[in-house]
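Here's the letter readout for the chains.
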Amino acid sequence: MPLDMIMPATEFVFGVPRWMVIAFVAVLGAMIGSFLNVVIHRLPREQSIVLPKSACPACGAAIHFYDNIPILSFLVLRGRCRSCRAPISPRYPAVEALCALLFALVAWRDDLIALPFDIAFAAAMLSLVFIDSEHMILPNAITYPGILFALITRVAVPYLGGASHFDDLPYLISVFPGVPVWGVSLIGAAIGALAGGGSLWLMGFLWKRLRGVEAMGMGDIKMMLMVGAFLGWRLAALTIFIGVFSGSLAGIVLMLRRGRRNLQMMLPFGIFLGIGAVVSLLTGTRIIAWYVSQFK
């Protein structure tokens, strides 16, 4: 949806300048980022994300509320635990800052109906990226509910706000005339999931048959089922392209630094798929439009 249509709607509903809305969403993002740090730390360890209360991993001292203020507490404490002075991982303020930035960017481009759905999707991608980078897993506890959430989004957003939000809907509506827009959106979710997860599964299957080694984890496939269902087939394809391209660049850099040319080197592909999904969410439609325009 064009920004000139979004801005008046935002200001009308909230009665405040749009930059204040974006600032509020950014602060909310930093707070959500603090919670995501709990998810990133505990979920791979199969610990509860609710209890017990946050504590220092080194000494076990409970973290007081004034030491748990996103980004600011890390700076005030100079990156060390108040009790034992053990260093605090820079990942904590990084996640909080990135989440704030992502929420602000989504708020800048979204209408009010799509905003809560898109920031939830962005938060899920951020969690998966950091979990995969540390543990090389993409937990089912995020991807399975994420697929269900994608289906709910594909029904709710078109039903409440029309077909303008999703990249694939204008074309699909012309293919399925007479079908309610939310029904067409669900069809788009199924096609997107097949394009995302199905294509990764096929690539992994063919690579294993040709090379005899696993090339794709099931976590990557489930992640792309979620991404494809949420974004649609065009943006799912763009996500995979960005993921493969950025992952290849990272692999080349690592091989050059290590002085080894090992094509079997393991890289957490979920990092690059997550980056691709966020880029596709924020500006994927414009990238595709630019690419198509080069052939006209």
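Further up the page is the structure itself.
The paragraphs below set out a description of the structure included in this document. (Residues numbered from 1 in each chain as written. Predicted model: local features only at pLDDT ≥ 70, side-chain atom pairs only at ≥ 80, totals over all residues. Heavy atoms only, no water.)

**Structural notes on the overall build of the protein chain**
Right, so step 1: Looking only at helices and strands, one finds 11 helices and 0 strands in the protein chain.
Right, so step 2: Reading the secondary structure of the protein chain in the N-to-C direction produces α-α-α-α-α-α-α-α-α-α-α.
Right, so step 3: Computed over C-alpha atoms, the radius of gyration of the protein chain comes to 21 Å, within 12% of the 19 Å expected from 2.2 N^0.38 for 296 residues, which places it in the range of a compact globule.
Right, so step 4: Here the C-alpha coordinates of the protein chain stretch approximately 65 × 60 × 35 Å along the principal axes.
Right, so step 5: Put simply, the protein chain has 296 residues, and 42% of those count as buried.
Right, so step 6: Within the protein chain, contacts between residues at least 6 apart in sequence are counted, and of these 67% link residues at least 24 apart.
Right, so step 7: Here the protein chain displays about 16,200 Å² of accessible surface, and carbon together with sulfur accounts for 71% of that area. (Helix = DSSP H or I, 4+ residues; strand = E, 2+ residues; numbered from the N terminus. Rg over C-alpha atoms; globule rule 2.2 N^0.38 Å. Buried < 20%, exposed > 50% of the residue type's maximum accessible area, 1.4 Å probe, protein only. Contact = heavy atoms within 4.5 Å. Areas by Shrake-Rupley, 256 points an atom, 1.4 Å probe, with all protein chains shown as cover.)

**Focus: the nonpolar core**
Here is a general trend for soluble globular proteins: nonpolar side chains tend to be buried in one another's company.
Right, so step 1: Residues Phe121, Met125, Leu200 and Val227 are the most contacted members of the largest nonpolar core, which totals 54 residues.
Right, so step 2: Elements that contribute at least two residues to this core include exactly α2 (18-42), α4 (91-109), α5 (115-135), α6 (140-161), α8 (181-211), α9 (218-231), α10 (233-258) and α11 (269-293).
Right, so step 3: Looking at this core, the element that brings in the most residues is α5, giving 12 residues.
Right, so step 4: Beyond its immediate chain neighbours, meaning those up to four positions away, Phe121 contacts Phe149, Met226, Val227, Phe230, Leu231, Ala277 and Leu281.
Right, so step 5: With 8 residues, the next largest nonpolar core counts Ala156, Val157, Phe166 and Leu172 among its residues. (Core = buried A, V, L, I, M, F, W, Y, C linked by side-chain atoms within 4.5 Å.)

**Some remarks on the packing of aromatic side chains**
Two numbers describe a pair of aromatic rings. These are the distance of the centres and the angle of the planes.
Right, so step 1: Under the counting rule described, the total for this entry stands at 7 aromatic pairs.
Right, so step 2: Ring plane angle 10° and centroid distance 5.3 Å describe the contact between Trp201 and Phe205, whose orientation is recorded as stacked. In this pair, Trp201 and Phe205 are both assigned in helix α8, 4 residues apart and thus about one turn of the helix distant.
Right, so step 3: For Trp201, a relative accessible area of 47% gives the class partly exposed.
Right, so step 4: Here a set of aromatic residues connected by ring pairs shows up, and it is made of Phe117, Phe121, Phe149 and Phe230.
Right, so step 5: In this arrangement the basic side chain of Arg91 is found over the ring face of Tyr92, its NZ or CZ atom lying 4.5 Å from the centre.
Right, so step 6: We note Arg154 situated over the ring of Phe166; from NZ or CZ to the ring centre the distance is 4.3 Å. (Phe/Tyr/Trp six-rings, centres within 6.5 Å; stacked < 30°, edge-to-face > 60°. Lys NZ or Arg CZ within 6 Å of the ring centre and 35° of its normal.)

**Regarding the packing of α9 against α11**
Right, so step 1: One can describe the packing of α9 onto α11 by two numbers: an axis separation of 11 Å at closest approach and a directional angle of 5°. Taken together, the axes of α9 and α11 lie roughly parallel to each other. Across the interface between the two elements, Asp220, Met223, Met224, Val227, Phe230 and Leu231 of α9 pack against Phe269, Gly270, Leu273, Gly274, Ala277, Ser280 and Leu281 of α11.
Right, so step 2: The residue makeup of the contact of α9 with α11, split by class, is 9 nonpolar, 3 polar and 1 charged. (Axes fitted to C-alpha atoms, helices over the stretch in contact; angles between N-to-C directions. Parallel < 35°, antiparallel > 145°, perpendicular 65-115°, else oblique. Nonpolar A, V, L, I, M, F, W, Y, C, P; charged D, E, K, R; others polar.)

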